[in-house]
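# Coordinates in review
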Amino acid sequence: SSRLGRPVCTPARPFRRPPPHTDSAMVAKKQSKASKAADSINSRLQLVMKSGKYTLGYKTTLKSLRAGKSKLVLISNNCPALRKSEIEYYA
């Protein structure tokens, strides 16, 4: 109390939220469709790389496209437009 007989006011504490409950069922976060699709592509790529049935590079890709042996062609984002159009023409 103060000298005048009134109680001393203390500054209010900021409200703090309690920590979230972490149940074992709640720990697994939901994945978006995009991340699930990326995981699926990554796992399939991993399987193909392990099997060894793939080719890398522009020339070998065109050879396999002309021969009709390729099933899937992945083109990077930074591929030149002319090369990309040529690959798409053969595919």
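Sequence order as written defines residue numbering, which begins from 1 separately in each chain. Thresholds applied to this predicted model are a pLDDT of at least 70 for local features of residues and 80 or more for the giving and counting of side-chain atom pairs; totals over whole chains, interfaces and linings are not thresholded and use all residues. For the side-chain quantities, the full set of heavy atoms in the structure was used; hydrogens and water were omitted.

## Thoughts on the overall build of the chain
For helices the rule is a DSSP run of H or I covering at least 4 residues; for strands it is a run of E covering at least 2, with both sets numbered from the N terminus onward. Regarding its fold elements, the chain presents 4 helices and 0 strands. From first element to last, N terminus to C terminus, the chain shows the α and β order α-α-α-α. The accessible surface values rely on the Shrake-Rupley method and a 1.4 Å probe; as for residues, cover is taken only from the protein chains in view. Surface exposure of the chain reaches about 9300 Å², of which carbon and sulfur atoms provide 57%.

## Side note on the layout of surface pockets
Only protein atoms enter the 1 Å grid, on which a cavity is a set of points fitting a 1.4 Å probe that cannot get out and a pocket is an open set with protein on both sides within 12 Å along at least 5 of 7 lines, lining residues being those with an atom within 4 Å of a point. Grid points are joined across faces, edges and corners, and a volume is the space filled by probe spheres set on the points. The volume enclosed by the largest pocket comes to roughly 850 Å³. Elements with a minimum of two residues in the lining of the largest pocket: helix H2 (33-51), helix H3 (58-67) and helix H4 (81-90). The element contributing the most residues to the lining of the largest pocket is H2, with 6 residues. Each residue gets one label: Ala, Val, Leu, Ile, Met, Phe, Trp, Tyr, Cys and Pro are nonpolar, Asp, Glu, Lys and Arg are charged, and the others, such as Gly, are polar. Partitioned by chemical class, the residues of the lining of the largest pocket number 13 nonpolar, 7 polar and 5 charged.

## What to know about the side chain of Ser64
Within the element layout of this structure, Ser64 appears in helix H3. A simple rule labels every residue: compare its accessible area, found with a 1.4 Å probe on the protein chains alone, to the largest value its type can have, and call it buried under 20%, exposed over 50%, or partly exposed in between. For Ser64, a relative accessible area of 15% gives the class buried. Discounting residues that sit within four places of it in the chain, Ser64 has contacts with Thr55, Lys69 and Ser70. Throughout, a contact is declared for two residues whenever any of their heavy atoms are within 4.5 Å.

## Things to note about a positive patch on the surface
Like charges within 9 Å and nonpolar side chains (Val, Leu, Ile, Met, Phe, Trp, Tyr) within 5 Å are joined into patches, using only residues over 30% in relative accessible area that form no salt bridge. Salt bridge criterion: a side-chain nitrogen from Lys or Arg within 4 Å of a carboxyl oxygen from Asp or Glu. The charge count includes Lys and Arg as positive and Asp and Glu as negative, but it does not include His or the ends of the chains. In this description, the location of a charge corresponds to atom NZ of lysine, CZ of arginine, CG of aspartate or CD of glutamate. A cluster of basic residues, Lys59, Lys63, Arg66 and Arg83, forms a positive patch on the protein surface. Along the polypeptide, Lys59 turns up in helix H3. Taking the relative accessible area as the measure of exposure, Lys59 reaches 66% and is therefore exposed.

## Structural notes on the confidence of the model for the chain
Known as pLDDT, the predictor's confidence for each residue is given on a scale from 0 to 100. In this model, the chain carries a mean pLDDT of 78, and residues with pLDDT of at least 70 account for 66%. At the low end of the mean pLDDT range in the chain sits helix H1 (residues 24-27), at 52; at the high end sits H3, at 93.

## Section: the packing of aromatic side chains
The criterion for an aromatic pair is that two Phe, Tyr or Trp rings (for Trp, the six-membered ring) have centres within 6.5 Å, with stacked assigned to planes under 30 degrees apart, edge-to-face to planes over 60 apart and tilted to the rest. Applying the stated criterion to the full structure yields 1 aromatic pair. Should the NZ of a Lys or the CZ of an Arg lie within 6 Å of a ring centre and within 35 degrees of the ring normal, that charge is described as sitting over the ring. Between the NZ or CZ atom of Arg66 and the centre of the ring of Tyr90, over which it lies, the distance is 4.8 Å. We note Arg83 situated over the ring of Tyr58; from NZ or CZ to the ring centre the distance is 4.3 Å.

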